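Read off the chains here:
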Amino acid sequence: MSTELGQTILCESKLKKLFDLVEMLKCFQVVWLDEYLQRKDRFSKEIEGFICTKAGLIDKQFLDHLPNLKVVSICSAGFEGLDVSMLHRLNIRVSNVPHLVSESTADLTFALILATARQLRKNIQSSQHPDLEVRMSPQFTSLGTDVTGATLGILGMGSIGYCVAMRATGFRMNTFYYNRNRRPKLDEDCVNAKYCRSLDELLKLSQFLVISVPLTQETENMIGHRELALMKPSSILINVSRGCVVDTSALVEALNDGKISAAGLDVTEPEPLPYDHPLVHMDNVILSGHSGAATVEGRLEAIHNSLWRKLKPAS
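Enquirer: How should I be thinking about unusual backbone geometry in this particular structure?
Expert: Excluding glycine, residues mostly have negative phi values, and the peptide bonds linking residues are mostly trans. Note the cis peptide between glutamate 269 and proline 270, where omega equals 5 degrees. Positionally, proline 270 belongs in the loop between β11 (262-265) and α15 (278-281). Of note in the backbone geometry, glutamine 119 takes a positive phi value of approximately 50 degrees without being a glycine. As for its position among the elements, glutamine 119 is in the loop between α6 (102-117) and α7 (120-127). Despite not being glycine, asparagine 192 has its phi angle at roughly 55 degrees, a positive value. Relative to the assigned elements, asparagine 192 resides in the loop between α11 (185-190) and β8 (193-195). Classification of asparagine 192 by relative accessible area gives exposed; the value is 54%.

Here it is, written out as structure tokens:
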């Protein structure tokens with residue numbers, strides 16, 4: 001059905017909470033996913049675009065019910081779990097937002113750096129304890145470590161990694177990085193970053209190790225037992241990449257054995273972690289639930305730059 005409002009698009013239901021998104025989409029005919037799943041026959045032939053936050057919903061069975069789908073817009077940096085070649089064979093365009101998420105993810109990276117460095121999880125728990133002595137204890141028993149002036153190692157100096165390096169200059173950090181390709185000297189100078197010729201060199205130097213590489217065959221389990229053993233006992237690992245880049249069992253062992261002091265994880269493997277997983281209950285681990293790009297502004301900009309430009313509303 002072609003409506004006065006223009007093309008019909010399907011939206012993941014959780015996006016209803018974004019009022020500004022709802023306003024942006026007023027010139028489309030919007031069908032929410034929960035409504036669609038109850039009335040597929042009513043909407044399936046009308047839908048031309050799909051906005052979602054994860055690729056897991058999209059498989060052949062899902063697409064078989066959408067014969068006129070033209071665009072899939074994923075509000076994330078990657079295409080993990082999505083058969084892009086299948087979509088291309090069906091002449092469905094796919095868009096993601098690899099650069100738009102960089103600023104918000106870099107912001108969260110520093111939230112994790114600060115939270116782990118200052119033992120924020122443990123201190124919040126102590127501050128909410130019914131015992132007065134426990135509530136007073138953080139200033140005496142939970143001493144953190146300074147971020148200002150510390151050594152930062154960035155594994156993966158792409159868009160997100162570079163945004164992290166930019167923020168590190170405000171903390172006067174000594175920044176080192178390892179990347180498949182070295183950045184131009186001008187880029188390095190702008191953020192006072194020094195290139196490491198090997199991952200081992202970076203691991204040995206870093207007080208804070210930020211992982212921001214894409215997930216590929218080469219980066220899967222890139223950080224395992226051997227790599228964690230090279231880090232300082234006082235070092236802190238921050239992962240804003242993908243959970244599979246770090247060997248989860250090796251990380252648990254390194255934290256238990258004191259090979260590293262803490263971890264800030266926006267991503268995990270599996271994701272989410274089972275409630276009884278050791279990482280969920282460690283005082284020196286901060287989990288942020290894959291929320292690196294989860295800001296109102298980021299979601300709106302992502303949708304505007306992906307689906308909006310490929311499936312313009314009728315005038």
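Now, onward.
Enquirer: Hey, could you run me through the pairing of strand β10 (residues 236-239) in this one?
Expert: As a general feature of sheets, a regular strand has side chains that alternate between the two faces. Residue alternation in β10 divides its side chains into two sets, Ile236 and Ile238 and Leu237 and Asn239, and both sets are buried. A crossover links strand β9 (residues 208-211) with its parallel partner β10, the connecting element being helix α13 (residues 225-230), and its sense is right-handed. As paired strands, β10 and β11 are joined by four bridges and run parallel to one another. Residue pairing for β11: leucine 237 is matched across the bridge by alanine 263. You can see the chain leave β10, run along helix α14 (residues 248-256) and come back into β11, and the turn it takes is right-handed.

Enquirer: Is there a simple way to think about the pairing of β11 in this case?
Expert: Neither face of β11 is exposed, since Ala262 and Gly264 on one face and Ala263 and Leu265 on the opposite face are all buried. Where β11 lies against strand β12 (residues 285-287), three bridges are found, and the strand directions are parallel. Within β12, the residue paired with alanine 263 across the bridge is valine 285.

Enquirer: Quick question: what am I supposed to make of the sheet that holds β12 here?
Expert: Pairing between the strands of a sheet is mediated by backbone hydrogen bonds and can be parallel or antiparallel. Read across the open sheet, the seven strands follow the order β8-β7-β6-β9-β10-β11-β12; overall the sheet is parallel. With one partner strand each, in any of the chains shown, β8 and β12 form the two edges of the open sheet. Neighbour-to-neighbour, the strand axes of the sheet open up by a mean angle of 20 degrees, direction not taken into account. Pairing analysis gives five bridges linking strand β6 (residues 151-155) to strand β7 (residues 174-178), with the strands arranged parallel. If you follow threonine 151 over to β7, its bridge partner there is asparagine 174. Its contacts with the sheet put helix α10 (residues 159-170) on β6, β7 and β9, and the angle it makes with β6 is roughly 170 degrees.

Enquirer: Teacher, can you tell me more about the side chain of serine 13 here?
Expert: Assignment of secondary structure puts serine 13 in the loop between β1 (8-11) and α1 (19-24). Within the local environment of serine 13, its side chain forms a polar contact with the backbone nitrogen of aspartate 34, the two atoms lying 2.8 Å apart. Residues within four places of serine 13 in sequence aside, it is in contact with Trp32, Leu33 and Asp34.

Enquirer: Quick question: what am I supposed to make of the packing of α6 against α10 here?
Expert: The description of two packed helices rests on the angle between their axes and on the distance between the axes. As a packed pair, α6 and α10 sit with axes 8 Å apart at the nearest point and diverge in direction by 55 degrees. As judged from the angle between their axes, α6 and α10 are oblique. The chirality of how α6 crosses α10 is right-handed. Facing α6, whose interface residues are Ser102, Glu103, Thr105, Ala106, Asp107, Thr109 and Phe110, α10 presents Ser159, Ile160, Cys163, Val164, Arg167 and Ala168.

The rules behind each value
- Residues numbered from 1 in each chain as written.
- Predicted model: local features only at pLDDT ≥ 70, side-chain atom pairs only at ≥ 80, totals over all residues.
- Heavy atoms only, no water.
- Helix = DSSP H or I, 4+ residues; strand = E, 2+ residues; numbered from the N terminus.
- Buried < 20%, exposed > 50% of the residue type's maximum accessible area, 1.4 Å probe, protein only.
- Right-handed = clockwise from strand over helix to strand, strands pointing away.
- Pairing = 2+ DSSP bridges.
- Axes fitted to C-alpha atoms, helices over the stretch in contact; angles between N-to-C directions.
- Contact = heavy atoms within 4.5 Å.
- Polar contact = N/O pair within 3.5 Å; in protein donor to acceptor, adjacent residues only side chain to side chain.
- Parallel < 35°, antiparallel > 145°, perpendicular 65-115°, else oblique.
- Left-handed = near helix turned anticlockwise from the far one by under 90°.

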